[in-house]
Amino acid sequence: MRSAKTLLASAALCSVLAVPAHAELDVAKLKQTIETSFESEYPKLDALYKDIHAHPEIAFQEVKTSAKLAAEMRAIGFEVTEKVGKTGLVAIYKNGDGPTIMVRTELDALPMEEKTGLPYASHDKAIWHGRETFVAHSCGHDIHMASWVGTAKTLVGLKDHWQGTLMFIAQPAEEEVAGAKAMIEDGLFTRFPKPDVGFALHDGAFPYGYIAYRVGVGSSNADGLYIKFKGRGGHGAMPQATIDPVMMASRFVVDVQSIISREKDPTEFGVVSIGALHAGTAGNIIPDEAILLGTIRTFKPEVRAKMHDGIERTARAVAAMANAPAPDVRITEGTKAVVNDPAVVGAAEKVLKAAFGDKFRVTPPGTPSEDYSEYINAGVPSMFFNIGVYDPERVAAARNSGPPLPGNHSPQFAPVPQPTIQTGVTAMTLAVLSAFDQRAKGQ
Ligand SMILES: [Zn+2]
Ligand SMILES: [Zn+2]
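In this report, the structure presented in the accompanying data block is examined.

Definitions and limits used
- Residues numbered from 1 in each chain as written.
- Chains lettered and ligands numbered in written order.
- Predicted model: local features only at pLDDT ≥ 70, side-chain atom pairs only at ≥ 80, totals over all residues.
- Heavy atoms only, no water.
- Helix = DSSP H or I, 4+ residues; strand = E, 2+ residues; numbered from the N terminus.
- Buried < 20%, exposed > 50% of the residue type's maximum accessible area, 1.4 Å probe, protein only.
- Contact = heavy atoms within 4.5 Å.
- Areas by Shrake-Rupley, 256 points an atom, 1.4 Å probe, with all protein chains shown as cover.
- Donors = N, O, S within 2.8 Å, 3.2 Å for Na, K, Ca; no water.
- Tetrahedral: all angles 85-135°; square planar, octahedral: opposite > 155°, others 65-115°.
- Pairing = 2+ DSSP bridges.
- Axes fitted to C-alpha atoms, helices over the stretch in contact; angles between N-to-C directions.
- Phe/Tyr/Trp six-rings, centres within 6.5 Å; stacked < 30°, edge-to-face > 60°.
- Core = buried A, V, L, I, M, F, W, Y, C linked by side-chain atoms within 4.5 Å.
- Parallel < 35°, antiparallel > 145°, perpendicular 65-115°, else oblique.
- Left-handed = near helix turned anticlockwise from the far one by under 90°.
- Expected span 1.5 Å × (residues − 1).
- Polar contact = N/O pair within 3.5 Å; in protein donor to acceptor, adjacent residues only side chain to side chain.
- 1 Å grid on protein atoms, 1.4 Å probe; cavity = no way out; pocket = protein on both sides within 12 Å on 5 of 7 lines; lining within 4 Å.
- Points joined across faces, edges and corners; volume = space filled by probe spheres on them.
- Nonpolar A, V, L, I, M, F, W, Y, C, P; charged D, E, K, R; others polar.
- Bend = angle between axes of the 7 residues up to and from the residue.

**So, the overall build of the protein**
Point 1. What the protein contains, in helices and strands, is 12 helices and 18 strands.
Point 2. By principal-axis analysis of the C-alpha atoms, the protein measures approximately 100 × 60 × 45 Å.
Point 3. Going through the 443 residues of the protein one by one, you find that 49% of them count as buried.
Point 4. Considering only intrachain contacts with a sequence separation of at least 6, the fraction spanning at least 24 residues in the protein is 81%.
Point 5. Total accessible area on the protein is roughly 20,000 Å²; 55% of this is exposed by carbon and sulfur atoms.

Structural data, given as structure tokens:
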């Protein structure tokens, strides 16, 4: 049995030891420290950003990009493992006992031509699916990489303020929503520590200095759609002898939208878009088949199930109307919605609100999809947030019928590097510190 005296003594010791961990974070002071360190680091980050921007690499080909990040992270003191999930990398920094916090960036660019006219614009090309294509960082993953390196450097500089392990991962092929899965299948959470908390950010066409976030659903479920309508080919002048698959495909493209307007609850999000329609070779030949490719986006599983059902039913009905054989309908499961963890967001919210005031705002979930959801579904409670990239005056002008803002995936997408990366580094550093602090308090 422990004496009352010993109990009192150990309680006193506990409270002394507990003071640093339980003290509230001095956000204003931390923000100042982060910004000062950012200023001295920025010339290096700017050079890294522009180099990566000018030399983008496409999904699963990010060999040079990955090597550049590996070198940066080793220089900061991280232990780096390359080729995780083909071209991905994992960088670990241990700083005593404590939780493992993950920060993820993407590595890949898009198969498209950049038309920004910037001095550091990409003119690079690559072979993709057997053909040559231009490559461009038109989704801003280069901003994420520069912010990721900057955050790593800042957190190591602040290592007296936290205890635990940093797990910085650079993921390939986000645009193909395949890289997260590739890293997990290659042992991301078995060969390396399974993180207690994870973070990722994405840039977007709103003012720099602003941060957008949400609790719960943050991005959409994406499923792929493939339909083959089977007809009977023949002469364009004798349609009575044919079953016209172009007619079926056209009817389907229009009728499928009635699922959105008539079947789905209008207050719920759901989109089906047909992005490709392949049929025929010449104007006077009715082909014997038509192939459609589309994408189905939803937030909720019940809306998703309803849409899948409606799409299949509409395709079969369109074929039945033409007296054609049943079509092949394939819906391929894509990536799941990113769902932010309330406790992780709650801790970060307090700190980021104190740091950014009303520039830190809740926004509705985005309709694009993100394979960051793979990490969440593998059991990493997370927060995914967005940062703006454009001059606030340009954004205001666009709102007042000025020139529209090029968004992600536009050939004109052109973030303003310094303020955007600064917000990325400051917000991500504070978010990571909030997670260490939350865990230290045992919440
Ligand atoms: Zn993208
Ligand atoms: Zn992206």
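There is more to say, and it comes next.
**A short note on the coordination of the zinc ion (ligand 2)**
Point 1. In the first shell of the zinc ion (ligand 2), the protein supplies Cys139 (SG), His141 (NE2) and His202 (NE2), at 2.1 to 2.3 Å from the metal.
Point 2. Every donor residue of the zinc ion (ligand 2) comes from the same chain, spaced as C-x1-H-x60-H.
Point 3. The two metals, the zinc ion (ligand 2) and the zinc ion (ligand 1), are separated by 3.0 Å and share Cys139 as a common coordinating residue. The residues Cys139 and His141 share a single accessibility class, namely buried.

**Quick word on the coordination of the zinc ion (ligand 1)**
Point 1. At the metal site, the zinc ion (ligand 1) is ligated by Cys139 (SG), Glu175 (OE), Glu175 (OE) and His409 (NE2), and these contacts range over 2.0 to 2.6 Å.
Point 2. Around the zinc ion (ligand 1) sit four donor atoms, and with donor-metal-donor angles ranging over 54 to 148° the site reads as irregular.
Point 3. Along the chain, the residues donating to the zinc ion (ligand 1) fall in the pattern C-x35-E-x233-H.
Point 4. Judged by relative accessible area, Cys139 falls into the buried class, the value being 7%.

**A short note on the sheet that holds strand 17 (residues 360–362)**
Point 1. Reading across the sheet, the eight strands line up as 1-2-6-3-7-18-8-17 and stay open at both edges, with mixed pairing between neighbours. Lying at the two open borders of the sheet, with one neighbouring strand each, are strand 1 (79–84) and strand 17. Averaged over all adjacent pairs, the angle separating strand axes in this sheet is 25°, with direction ignored.
Point 2. Inspection of the sheet shows strand 3 (residues 100–106) paired to strand 7 (residues 197–207) by four bridges, in the parallel sense. Its bridge partner being in strand 7, Arg104 is matched across the sheet by Ala200.
Point 3. Here helix 4 (residues 141–157) sits on the sheet in contact with strand 2 (88–95), strand 3, strand 6 (164–171), strand 7 and strand 18 (382–390), set at roughly 150° to strand 3.

**Here's the deal with the sheet that holds strand 15 (residues 328–333)**
Point 1. Pairing is antiparallel across the open sheet formed by four strands, whose spatial order is 12-14-10-15. Lying at the two open borders of the sheet, with one neighbouring strand each, are strand 12 (270–279) and strand 15. Neighbour-to-neighbour, the strand axes of this sheet turn through a mean angle of 15°, independent of strand direction.
Point 2. Sheet topology places strand 10 (residues 221–230) next to strand 15; six bridges connect them, and they run antiparallel. From the neighbouring strand, Lys228 faces strand 15, where its bridge partner is Asp328.
Point 3. Against the sheet, helix 8 (residues 301–321) engages strand 10, strand 12, strand 14 (289–298) and strand 15, with an angle of about 10° to strand 10.

**Describing the packing of aromatic side chains**
Point 1. Across all of its chains, the model carries 14 aromatic pairs by this definition.
Point 2. Ring centres of Phe189 and Tyr375 lie 6.2 Å apart, and the angle between their planes is 75°; this geometry places the pair in the edge-to-face category. With Phe189 in the loop between helix 5 (179–185) and strand 7 and Tyr375 in helix 10 (residues 373–377), the pair connects residues that are 186 residues apart, well separated along the chain.
Point 3. We classify Tyr375 as buried; its relative accessible area is 0%.
Point 4. Each residue in the set Phe78, Tyr93, Trp148, Trp162, Phe168 and Phe436 is aromatic and connected to the rest through ring pairs, giving one cluster.

**Describing the nonpolar core**
Point 1. Ranked by size, the top nonpolar core spans 61 residues in total, and within it Leu69, Phe78, Phe168, Phe199, Met383 and Phe385 carry the most contacts.
Point 2. Beyond its immediate stretch of four places on either side in the chain, Phe168 contacts Met73, Phe78, Leu89, Val90, Ala91, Val103, Trp148, Thr151, Ala152 and Leu155.

**A look at the packing of helix 4 against helix 12 (residues 417–440)**
Point 1. At their nearest, the axes of helix 4 and helix 12 sit 8 Å apart, and the two run at 50° to each other. Relative to helix 12, the element helix 4 is oriented oblique. Judged by the sense of rotation from one axis to the other, the crossing of helix 4 with helix 12 is right-handed. For the pair helix 4 and helix 12, the contacting residues are Ile143, Ala146, Ser147, Gly150, Thr151, Thr154 and Leu155 in the first and Pro417, Thr420, Ile421, Gly424, Val425, Met428, Thr429, Val432 and Leu433 in the second.

**Thoughts on helix 4**
Point 1. With 17 residues, helix 4 should cover 24 Å at 1.5 Å per step; its first-to-last C-alpha distance of 24 Å lies within 8% of that length.
Point 2. A large share of helix 4 lies buried, amounting to 15 of its 17 residues.

**A few points about the side chain of Asn340**
Point 1. Here Asn340 is to be found in strand 16 (residues 339–340).
Point 2. One polar contact links the side chain of Asn340 to the main-chain carbonyl oxygen of Arg214, over a distance of 2.8 Å.
Point 3. Here Asn340 is in contact with Arg214, Val215, Gly216, Val345, Ser382, Met383 and Phe384, once residues within four sequence places are set aside.

**So, the layout of surface pockets**
Point 1. One number sums up the size of the largest pocket: a volume of about 1,100 Å³.
Point 2. Lining the largest pocket are 39 residues, and of these Glu175, Arg297, Pro368, Ser369 and His409 lie nearest its centre.
Point 3. Counting only elements with at least two residues in the lining of the largest pocket, the list comes to strand 7, strand 10, strand 14, strand 15 and strand 18.
Point 4. Of the residues in the lining of the largest pocket, the class split is 15 nonpolar, 15 polar and nine charged.

**Regarding the environment of Ala178**
Point 1. Inspection of the secondary structure assignment puts Ala178 in the loop between strand 6 and helix 5.
Point 2. A relative accessible area of 24% means that Ala178 is categorised as partly exposed.
Point 3. Linking Ala178 and Pro364, residues 186 residues apart in sequence, is a C-alpha distance of 25 Å.
Point 4. Once you skip the residues sitting within four places of it in the chain, Ala178 turns out to touch Phe60, Ala173 and Asp371.

**So, helix 9 (residues 342–356)**
Point 1. Across its 15 residues, helix 9 extends 20 Å between first and last C-alpha, which sits within 8% of the 21 Å expected from 1.5 Å per residue.
Point 2. A bend of about 30° at Glu349 is the largest found in helix 9.
Point 3. For helix 9, every residue scored as buried is listed here: Val344, Val345, Ala347, Ala348, Val351, Leu352, Ala355 and Phe356.
Point 4. Where helix 9 starts, the residue carrying a side-chain oxygen 3.1 Å from the main-chain nitrogen of Ala343 turns out to be Asp341.

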